[in-house]
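So the chains spell out like this:
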Amino acid sequence: MKTLRALFDGFTLALVATVALAVLLPCEGSAALWLDRLTIAGVALLFFLHGARLSREAILAGITNWKLHLLVLASTFAMFPLLGLAMKPLATALLTPALYLGLLYLCCLPSTVQSSIAFTSIARGNIPAAVCAASLSNLAGVFVTPALVALLLSTRGGGSTLHAIGDILLQLLAPFVAGHLLRPWLGRTLARWHRVLAVTDRGTILLIVYVAFSESVVDGLWRQVPPDALFAVFAVVALLLAMVLGLTTLASRALGFAREDEIAIVFCGSKKSLASGVPMAKILFAGNPALGILVLPLMLFHQIQLMACAVLAQRYARRS
């Protein structure tokens with residue numbers, strides 16, 4: 001039942017509905033401008049709430065397992081990009097150039113926080129280590145992701161990359177730090193309103209997706225993505241996830257990690273964050289009319305990783 005809920009959860013259906021709305025009724029003109037400003041405010045609120053929720057005790061409990069954190073970071077920011085480059089012959093034969101750039105962008109992103117911890121918990125893994133590893137990945141992504149994007153996608157020069165890092169620090173990290181500093185006063189309230197805050201998180205992502213896809217529709221880019229290319233994207237990102245899941249499992253066992261640590265490594269090292277990836281894309285590719293196309297591989301990967309990891313977590317949980 002949990003697996004079915006992951007396959008057909010409300011957020012997945014909402015994402016599909018949002019894309020359909022953008023295709024049928026895209027926002028234009030002054031409405032698009034106001035929605036764009038609203039997304040900036042929404043993203044700041046989203047990261048403020050993430051910072052306010054993060055427990056300092058959980059970070060201290062998991063931070064000592066540095067070998068685990070290094071392996072997760074290596075998987076997130078080294079293994080993924082290398083696999084993305086290695087898949088270029090296959091990807092360029094199946095995907096359009098914009099979709100392949102989207103695949104490379106996906107490979108540059110940090111891990112998720114909520115789903116990594118949730119699946120580690122379901123699988124009876126090392127939860128404090130997962131909290132620390134996923135959080136460290138997101139913080140490192142503020143600096144590493146723009147640098148990797150500049151290196152792999154050749155979209156920016158050195159000065160522009162520094163400017164992008166500055167924008168991300170201002171729009172994402174500053175609200176996150178402010179929220180965490182206010183955690184002693186907000187923590188209990190946020191714990192009571194966690195369902196409302198989950199709606200805020202997902203609503204912000206849906207708004208960003210709607211604005212991004214509306215821009216693509218208005219600019220006519222969706223006419224350049226045939227249906228067979230969408231199926232090709234699905235196949236390519238599914239293959240990418242399968243390879244990462246296999247490699248992280250093999251690496252954790254070869255290095256002698258306990259099974260609980262292996263679970264945290266697999267779930268934290270194989271994820272890519274939609275919550276961080278879409279706002280970062282909005283900053284890194286500001287003014288790019290292909291923004292909706294560039295985040296499409298990430299959106300598909302996000303759904304596939306939930307499906308695959310739901311099954312894998314149940315399998316881990318059944319162990320003796």
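Worth saying up front: this structure is predicted, and the values here are computed from it rather than measured.

So, how was this worked out
- Residues numbered from 1 in each chain as written.
- Predicted model: local features only at pLDDT ≥ 70, side-chain atom pairs only at ≥ 80, totals over all residues.
- Heavy atoms only, no water.
- Phe/Tyr/Trp six-rings, centres within 6.5 Å; stacked < 30°, edge-to-face > 60°.
- Helix = DSSP H or I, 4+ residues; strand = E, 2+ residues; numbered from the N terminus.
- Lys NZ or Arg CZ within 6 Å of the ring centre and 35° of its normal.
- Patch = residues over 30% accessible without salt bridge, like charges linked within 9 Å, V, L, I, M, F, W, Y side chains within 5 Å.
- Areas by Shrake-Rupley, 256 points an atom, 1.4 Å probe, with all protein chains shown as cover.
- Salt bridge = Lys/Arg side-chain N within 4 Å of Asp/Glu carboxyl O.
- Buried < 20%, exposed > 50% of the residue type's maximum accessible area, 1.4 Å probe, protein only.
- Disulfide = S-S within 2.5 Å.
- Axes fitted to C-alpha atoms, helices over the stretch in contact; angles between N-to-C directions.
- Parallel < 35°, antiparallel > 145°, perpendicular 65-115°, else oblique.
- Left-handed = near helix turned anticlockwise from the far one by under 90°.
- Contact = heavy atoms within 4.5 Å.
- Nonpolar A, V, L, I, M, F, W, Y, C, P; charged D, E, K, R; others polar.

Asker: Help me understand the packing of aromatic side chains, please; the structure alone is not making it clear to me.
Answerer: How two aromatic rings sit relative to each other is given by the distance of their centres and the angle of their planes. Inspection of every chain in the model, using the stated rule, returns four aromatic pairs. Judged by centre distance (5.3 Å) and plane angle (80°), the ring pair of Tyr105 and Phe285 falls under edge-to-face. Residue Tyr105 is found in helix H7 (residues 97-107), and its partner Phe285 is found in the loop between helix H15 (274-284) and helix H16 (291-294); the two are separated by 180 residues along the sequence. The residue whose ring lies beneath Arg37 is Trp34, and the NZ or CZ to ring-centre distance is 4.9 Å.

Asker: How should I be thinking about a nonpolar patch on the surface in this particular structure?
Answerer: The grouping of Leu21, Val23, Leu24 and Leu25 at the surface amounts to a nonpolar patch, some 420 Å² of accessible area in total. Tracing the sequence through the fold places Leu25 in the loop between helix H2 (10-24) and helix H3 (29-53). Using a relative accessible area of 56% as the deciding quantity, one classes Leu25 as exposed.

Asker: How should I be thinking about the state of the cysteines in this particular structure?
Answerer: Cysteine pairs can be linked by a disulfide, which is a covalent bond between their two sulfur atoms. Applying the stated rule across the entire model yields zero disulfides. The structure places no disulfide on Cys107, whose sulfur is separated from the nearest cysteine sulfur, that of Cys108, by 6.8 Å. Judged by relative accessible area, which is 0%, Cys107 ranks as buried.

Asker: Got a minute to help me understand the packing of H7 against helix H13 (residues 227-254) in this structure?
Answerer: Two quantities define a packed helix pair, namely the angle between the helix axes and the distance between the axes. Taken N-terminus to C-terminus, the directions of H7 and H13 make an angle of 25°; their axes are 11 Å apart at the nearest point. Classified by the angle their axes make, H7 and H13 are roughly parallel. Between H7 and H13 lies a crossing of right-handed hand. Contact residues: Leu99, Leu103, Leu106 and Cys107 in H7; Ala229, Val233, Val236, Val237 and Leu240 in H13. Partitioning the contact of H7 with H13 into residue classes produces nine nonpolar, no polar and no charged.

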